[in-house]
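Summary of structural features
Residue strings, one per chain:
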Amino acid sequence: MSKTFNVKRVIGRGFAFILLITILLIGVVVAMAFSDFGQQPQGEYTSRIKSSPEWHDEHFKNIHPMWTNAKDALLGSILHSNPDAQPAEFSLPAPSAPFSSPPATGLRITWMGHSSLVVEIDGVNVLIDPVWSDRVSPINWIGPKRWYGPTLALEDLPPIDVVLISHDHYDHLDHNTIVKMKNWKAHFVVPLGIGAHLRYWGIPEDRITELDWWQSTKIKQLDIVSTPSRHASGRLSPDSDKTLWSGFALHGDQNRVYYSGDTGFFPEFKEIGEKLGPFDVTMIEVGQYDADWPDWHLGPEQAVQAHRLVKGNMLLPVHWGLFKLAQHGWTEPVERVLAAASCYDINVLTPKPGQSFEPRQHPTLKPWWPQTPWRTAEQKPIVATLNGNKAERISPPNCADVD
């Protein structure tokens, strides 16, 4: 009886020890991630948020609700992992002195992979959704990892006047990158609520401007307008959609560009084009999509339609080529964009990550990605719903519909 008691006591102590270590490890992980979570808007800042037309029932809402087949999406990611969703190995050469002189045409763009961009437009240098960390996650040893290192260091960028943030998901708002900008002179232009994250991370209040949809600000000679999008926000904290998500229109003296941010397809693209277009270049998200969550991201064919609706001239596909956030082939987004754009004779710009180019000089940008398996629009269509109703879809036009 005594031996049995002792064995139970030893087992009990062992279990208690394991439980204690587990709790401590969880505590360490939470502590490591705490700063990355950011901070929700508080105090005086909440009154402006709650007066927004997009604020309903204590959070921001889309004009058109989104539909998600969460069960099949989860099972599909577990049971049907795509071996072609990321490259086996990948490297890119560093560009040589891309910013040594100002752009001759007034507009030069450098795509850094995914949605990070440097836009030099009519004398104003804009940095969009900068992510320089190895992972898009609150923890630096887990989560989607970049396929190649930054082709340019932050200190090698030209002097940045404006930092634009489209929303607060980790692949667009990167804590470690933002912290390195605390002593910059750049002004941050962000959707409503994101200023709370920036202030928490040390960005001075006088360098932050928060915008609701259709609101604008002027930095130097550049007009910046926040545009609607169909998406969501949150940083894996209990409260989601407490900050707004948006795209941006940039109007310079001679050039106009549009950045979609993350968005599903919705009719307001036409309104954006009518109010703010035409655009010399659109930078529209084309990757990280799935048929089980078709309203979260555009997908290639709907990205082309969005480009047409906002009255774009040249299309620069973004939100692909750096992280695996979906199960499609990693080269599939750009291949499908090129196929869809060919129907309308749209000039698609495909620079290497880190390669600077001036769109008005009509550069020849050859494919830099390898030939890997990918599915066509007919094999795996991405079609947005109407108002979150899976039975009602927005049918994207195809080549047969071109007049």
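Everything discussed here concerns the structure shown above.
Residues numbered from 1 in each chain as written. Predicted model: local features only at pLDDT ≥ 70, side-chain atom pairs only at ≥ 80, totals over all residues. Heavy atoms only, no water.

Brief notes about the overall build of the protein
A count of helical and extended segments in the protein gives eight helices and 18 strands. Burial status across the protein gives 54% buried among its 403 residues. Partitioning the intrachain contacts of the protein with sequence separation of at least 6 by distance along the chain shows that 72% fall at a separation of at least 24. Surface accessibility of the protein: about 18,400 Å² in total, with carbon and sulfur atoms responsible for 55%. (Helix = DSSP H or I, 4+ residues; strand = E, 2+ residues; numbered from the N terminus. Buried < 20%, exposed > 50% of the residue type's maximum accessible area, 1.4 Å probe, protein only. Contact = heavy atoms within 4.5 Å. Areas by Shrake-Rupley, 256 points an atom, 1.4 Å probe, with all protein chains shown as cover.)

Points about the packing of aromatic side chains
Counted by the stated rule, this structure contains twelve aromatic pairs. Considering the side-chain rings of Trp-111 and Trp-320, the 5.5 Å spacing of their centres and the 25 degrees angle between planes classify their relative orientation as stacked. With Trp-111 in strand S3 (residues 107-111) and Trp-320 in the loop between strand S14 (312-318) and helix H8 (332-342), this pair connects stretches of sequence that are 209 residues apart. Trp-111 gets classed as buried once you look at its relative accessible area, which sits at 1%. Taking relative accessible area as the criterion, Trp-320 reaches 2% and is therefore assigned buried. With a centroid separation of 6.3 Å and 45 degrees between ring planes, the pair formed by Trp-330 and Trp-368 is classed as tilted. With a gap of 38 residues between them, Trp-330 in the loop between S14 and H8 and Trp-368 in the loop between strand S16 (356-357) and strand S17 (385-386) connect regions that are remote in the sequence. On the basis of relative accessibility, which here comes to 4%, the residue Trp-330 falls in the buried class. (Phe/Tyr/Trp six-rings, centres within 6.5 Å; stacked < 30°, edge-to-face > 60°.)

Focus on the sheet that holds strand S6 (residues 162-164)
In space, the seven strands of this open sheet follow the order S8-S7-S6-S5-S4-S3-S16, with mixed pairing throughout. Each edge of the open sheet carries a strand with a single partner, namely strand S8 (208-211) and S16. Sheet analysis places S3 next to S16, joined by two bridges and oriented antiparallel. Within S16, the residue paired with Thr-110 across the bridge is Ser-356. (Pairing = 2+ DSSP bridges.)

Focus on helix H6 (residues 268-276)
Residues spaced three or four apart along an α-helix face the same direction, because each turn holds 3.6 residues. Within H6, burial applies to Glu-268, Phe-269, Ile-272, Gly-273 and Leu-276. For H6, the angular spread of the buried residues around the axis is 155 degrees, confining them to a single face. In the core, the buried residues of H6 are packed alongside strand S10 (222-227), strand S11 (247-251), strand S12 (256-259), strand S13 (279-285) and helix H7 (300-309). (Arc of directions from axis to C-beta.)

A look at the pattern of salt bridges
Side chains that differ in charge, positive against negative, can pair when their charged atoms come close. Taken as a whole and judged by the stated rule, the model has twelve salt bridges. Between Lys-218 and Asp-223 there is a salt bridge, with its nearest N and O atoms 3.3 Å apart. Linked through salt bridges whose partners overlap, the residues forming this network are Arg-199, Glu-205 and Glu-210. (Salt bridge = Lys/Arg side-chain N within 4 Å of Asp/Glu carboxyl O.)

Digging into the environment of Pro-83
Residue placement: Pro-83 occurs in the loop between helix H3 (70-79) and S3. For Pro-83, a relative accessible area of 70% gives the class exposed. Separated by 244 residues in the primary sequence, Pro-83 and Gln-327 have C-alpha atoms spaced 8.6 Å apart.

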